[in-house]
Every structure is written in C-alpha cells, then in structure tokens.
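What follows is each chain in one-letter form.
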Amino acid sequence: MILFRYLARQLLQVTAAVTLILLVVSFTSRFLQYLGDAVAGQMTTDILLLLMSFRLPEFLTIIVPFAWFLAVLLTYGRMYAENELVVLHACGYSRRRLLGVTTLIALMLASLMGLLSLYAAPAGLQQTERLRQSQQELTEIDLIVAGQFQEFNRGQRVTYAETISETGQGRQLNNTFVVVRDPTPPEGESGLRVMIAETARPVLDEPSGRRFMLLENGVFYDGTPGQADYTITDFVQQGILLPEQVGIAPVLEEKALPTLALLGSADPAYQAELQWRISVVLLLPILSLIAVPLSKVEPRQGRFARLVPAALLYGVYFMLLQVSRDAIEEGELPVLVGLWWVHLMFLAGGLWLMLRGRPRVSQASRLAPGPEGQPS
C-alpha cells in the first residue's frame, strides 16, 4: 500500500504538471483565435472566457492521455536511472506487478476521463455552439470596435467609428464612416455609397420588427470612384437596414450531442463519435501497457532517450484513431470494425513489449550443476 501511494503520487503529479503545460499552450492558441474573431467583429469580447471555459473538458480529453503517457515514461525513467526500480525488482517487485499498479491508477484516471468524454465535453460544446449562435442576434453596432474598419454582410458594408460611448438609448458610435456597396447596382450607377455622420445608434421599427442603424447629422456621397460627378447630400437622419435576426437553431453536430442520443442511432457519423468518446477511456490503460516496458532505461542511457520515439508512437496511435473515425463517417470503414482495430493493434504491441522485456533464464544457468551435482 505504501508503494502504491508513492507511485500514484509520483505519476499523478507529473501528469498534472504536463497537463497544465499543454493546457496553457492549447488555451493560448485558441484564445488568440477567438480574440481575432472578436477584433474582426464576429463576436463580442465579453464571451471569450465563457467560450474557453466551455471548451475546457474537450481540451482535457485530448491532453490528459498524452500527459499520462509522458508521466509514466518520465517517472519510471527517473526511477530506473536512480536505481529505485532496480532495487524494487531485486526485492521481488516484478515488472508485471508494476504494470498492475500502473494500470489500476490509469483506470482510476480513466473513470474521470469517462465523465469528461461522455458527458462534460458534449455539454460544453453544446453551450459553445449556442453562445456562437447568440452572437448572430447582435447588431452591427454591438460588434463594432473603436478605431477599426470592419466588414459586415460579406463585405457589402464597411463601418468605422472613431469612439464608442454608452447612452441611455444604448451603444452609440461617434464620428462614424460607413461604405455601402450594392452587388447588383442599376445600370449607369456604381452602387457605392459613402456616409459620414456625427453619431450612429441602433433603432428598432416596432411595426415591422426590423433593425436599423440610424446615422445622424452627416453627409451622403453617391457617385463613381475616379469621377467628379459625386452627389453630395446633407442629412439629419439616415437609416441603414441591418440583417434580420437569426434564431438559435438546435445544435445537431455530433460532437455536441448527448451520449444517450448517440447510443440509439444507426447513423455512421453518430457511431463514429460514440466510439471516439469511448476511445478516450480506453487510451489510458493501453498506453500504460506500452509505457511501462518503454520506460526502462539502461545505466548509461539517458532517461529522456525514449521520449521522442514514444511521442511519435502516440502520434501514430492518435492519427490512426482520427483517420478511422473519418472513414466511418464517410462509410469507408464498417462500424463493427470501427476504432477497435486500432486499440487491438496497440494492445497487442504493448503485450509484445512486455513479453519481450521479460527476464530469460540463460542456457548456461540451466546447464550449471546444482547442489547435488545435477544440471539445474
């Protein structure tokens, strides 16, 4: 029991440290992507942290198996290099017993990963999709960032505001510049209109339910670029029709569906997603079987010598799972074969590594005379 607690503490500490490092890298990359979308006016900045928190379970299902694999290699590699495991093996603590303890710890961790993969990650993705869809209900004025030219309606409108202020009527754009481009202008017209106004704010036409951007105290320019026949009109108020609100549609993407919804479906895409979620749980004990024999280092061998080959091996494992999932979704791989063939292949590889590293009795020792003078 003392050895179990010691090994569990060592393995879980390294797993947590590696997970934290990989999580920071993943979070930074994803946060920068979301921040770019916010700067481009595709979402507001106040939902960024919510989006990241909802994606956390999904990140953990990908990161933790790899972190566990590295933790076994690093922990046992250190213990071999410092002769801790050599002493334990000399005292009768076999590598098979070490594998049993490691697998037990992996199963405890796999139960947590099962909750994340089967329940928490799909629920988080569903909330993420709803948040992203809710951004479509925002008006152009809600998404404007001061001091930046931003495109809307697929480039048909470009808006700029020098500053933004909050008023009793909502958000207000100050010193606003708007360019409206008509993709199919009437013959003889450029379809390009430029408006400059002191302020702009959103208004709602209650009878029709349509939304407008109301420009106030500005100038309207209508003409063809490069020609001097512009029509210049001063206005007190000018309205620009904004796109209609898009209702929040139900989330139907396989990754965001509850696990119970996948169980009762014969759709190959749903079955591929279900097998992927189960695979996250199976990864941990199978990786333990592979990592324990790989973690053994010779006295003159560095304890980090096998990290690169092991990382490549994990990369191949993960890539084969992804390729198989895509093949199931496209109907190129039977559902019964599914992802299971990948797990069976690496399970067989782990068993081969364990048997290959089993101590053997040499021919000389078998023929050496025993106490009675007979070969042992």
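Refer to the preceding data block for the structure.
Rules and cut-offs
- Residues numbered from 1 in each chain as written.
- Predicted model: local features only at pLDDT ≥ 70, side-chain atom pairs only at ≥ 80, totals over all residues.
- Heavy atoms only, no water.
- Helix = DSSP H or I, 4+ residues; strand = E, 2+ residues; numbered from the N terminus.
- Buried < 20%, exposed > 50% of the residue type's maximum accessible area, 1.4 Å probe, protein only.
- Contact = heavy atoms within 4.5 Å.
- Areas by Shrake-Rupley, 256 points an atom, 1.4 Å probe, with all protein chains shown as cover.
- Axes fitted to C-alpha atoms, helices over the stretch in contact; angles between N-to-C directions.
- Parallel < 35°, antiparallel > 145°, perpendicular 65-115°, else oblique.
- Left-handed = near helix turned anticlockwise from the far one by under 90°.
- Pairing = 2+ DSSP bridges.
- Patch = residues over 30% accessible without salt bridge, like charges linked within 9 Å, V, L, I, M, F, W, Y side chains within 5 Å.
- Salt bridge = Lys/Arg side-chain N within 4 Å of Asp/Glu carboxyl O.
- Phe/Tyr/Trp six-rings, centres within 6.5 Å; stacked < 30°, edge-to-face > 60°.
- Expected span 1.5 Å × (residues − 1).
- Arc of directions from axis to C-beta.
- Core = buried A, V, L, I, M, F, W, Y, C linked by side-chain atoms within 4.5 Å.

Student: What's the story with the overall build of the protein chain in this structure? I'm lost.
Tutor: Helix and strand content of the protein chain: 10 helices and 6 strands. Residue burial in the protein chain is summarised as follows: out of 376 residues, 40% are buried. Once local pairs closer than 6 in sequence are excluded, the contacts in the protein chain between residues at least 24 apart make up 60%. Of the accessible surface of the protein chain, which amounts to about 20700 Å², a share of 61% is contributed by carbon and sulfur atoms.

Student: What's the story with the packing of helix H2 (residues 48–81) against helix H7 (residues 268–294) in this structure? I'm lost.
Tutor: When two helices pack together, their arrangement is captured by the angle between the axes and the distance separating the axes. Their axes nearest at 9 Å, the elements H2 and H7 cross at an angle of 20°. In terms of orientation, H2 lies roughly parallel with respect to H7. Of the two possible hands of crossing, H2 and H7 adopt the one that is right-handed. Listed contacts from H7 to Thr61, Val64, Pro65, Trp68, Phe69, Val72, Leu73 and Tyr76 of H2 are Val280, Leu283, Leu284, Leu287, Ser288, Ile290, Ala291, Val292 and Leu294.

Student: What's the story with unusual backbone geometry in this structure? I'm lost.
Tutor: Among all residues except glycine, the phi angle is most often negative; among peptide bonds, the trans geometry is most common. Even without a glycine there, the phi angle at Asn175 is positive, about 50°. Positionally, Asn175 belongs in strand E3 (residues 170–181). Asn175 sits in the partly exposed class, given a relative accessible area of 42%. Its identity is not glycine, yet Asn217 carries a phi of approximately 55°, on the positive side. Mapped onto the elements of the fold, Asn217 is located in strand E5 (residues 210–222).

Student: Would you explain the sheet that holds strand E2 (residues 157–167) in this entry?
Tutor: Each strand in a sheet pairs with its neighbour through backbone hydrogen bonds, running either in the same direction (parallel) or in the opposite one (antiparallel). Ordered by their spatial adjacency, 6 strands build an open sheet running E1-E2-E3-E4-E5-E6, and the pairing between neighbours is antiparallel. Only two strands of the sheet have a single neighbouring strand rather than two, namely strand E1 (150–152) and strand E6 (231–241). With direction set aside, neighbouring strand axes in the sheet form an average angle of 30°. As paired elements, E3 and strand E4 (residues 192–205) share 8 bridges and run antiparallel to each other. Pairing of Thr176 across the sheet is with Ala197, part of E4.

Student: I keep staring at a nonpolar patch on the surface and nothing clicks. Help me out?
Tutor: A cluster of nonpolar side chains, Leu112, Leu115 and Tyr119, forms an exposed patch at the surface whose accessible area comes to about 340 Å². By the secondary structure assignment, Leu112 is in helix H4 (residues 95–134). Classification of Leu112 by relative accessible area gives partly exposed; the value is 46%.

Student: Would you mind showing me how to read the side chain of Ser288 here?
Tutor: Structurally, Ser288 can be placed in helix H7. Classification of Ser288 by relative accessible area gives buried; the value is 0%.

Student: Any chance you could explain the packing of aromatic side chains here in plain terms?
Tutor: Given two aromatic rings, one states the distance between the centres and the angle between the planes to describe the pair. Summed over all chains, the structure comprises 8 aromatic pairs. Residues Phe149 and Phe177 carry aromatic rings whose centres are separated by 6.0 Å and whose planes lie at 80° to one another, so their mutual orientation is edge-to-face. Pair noted here: Phe149 is in the loop between helix H5 (140–143) and E1 and Phe177 is in strand E3, with a separation of 28 residues, a long-range link. What makes Phe149 exposed here is its relative accessible area of 56%. Among the aromatic residues, those joined into a ring-pair cluster are Phe66, Phe69, Trp276, Tyr314 and Phe318.

Student: Could you clarify how one ought to interpret the pattern of salt bridges in this entry?
Tutor: Pairs may arise between side chains of opposite charge once their charged atoms sit close together. Scanning the entire structure with this criterion turns up 7 salt bridges. A salt bridge links Glu216 to Arg201; the nearest nitrogen and oxygen atoms lie 3.3 Å apart. Taken together, the residues Glu216 in strand E5 and Arg201 in strand E4 connect sequence positions 15 residues apart. Glu216 gets classed as buried once you look at its relative accessible area, which sits at 15%. A single salt-bridge network, built from bridges that share partners, covers Arg78, Glu82 and Glu84.

Student: How do you make sense of helix H9 (residues 340–356) when you look at a structure like this?
Tutor: Because an α-helix completes one turn every 3.6 residues, residues spaced three or four positions apart along the sequence face the same direction. The first and last C-alpha atoms of H9 sit 24 Å apart over 17 residues, in line with the 24 Å expected at 1.5 Å per residue. Along H9, the positions that sit buried rather than exposed are Val342, His343, Phe346, Gly350, Leu353 and Met354. Buried residues of H9 fall within an arc of 110° about the axis and therefore sit on the same side. Facing away from the buried surface of H9 by more than 90 degrees, the exposed residues are Leu344, Trp352, Leu355 and Arg356.

Student: Even after reading the chapter, I still don't get the nonpolar core, so can you show me in this structure?
Tutor: For soluble globular proteins, nonpolar side chains are generally found buried alongside one another. Counting residues in each nonpolar core, the largest one holds 67 residues, and the members touching the most others are Trp68, Phe69, Tyr76 and Tyr317. Breaking this core down by element, the ones donating at least two residues are helix H1 (2–39), H2, helix H3 (84–90), H4, H7, helix H8 (307–329) and H9. No other element matches the 17 residues that H2 contributes to this core. Setting aside chain neighbours within four positions, we find Phe69 in contact with Leu287, Ile290, Ala291, Ala310 and Tyr314. In this structure, Leu173, Val178, Ala200 and Leu215 belong to the second largest nonpolar core, which totals 16 residues.

Student: Any chance you could explain the side chain of Arg201 here in plain terms?
Tutor: Note on Arg201: relative accessible area 15%, which makes it buried. In this view, Arg201 contacts Ile141, Gln169, Arg171, Phe212, Met213, Leu214, Glu216 and Gln237; residues no more than four positions away in its chain are not counted.

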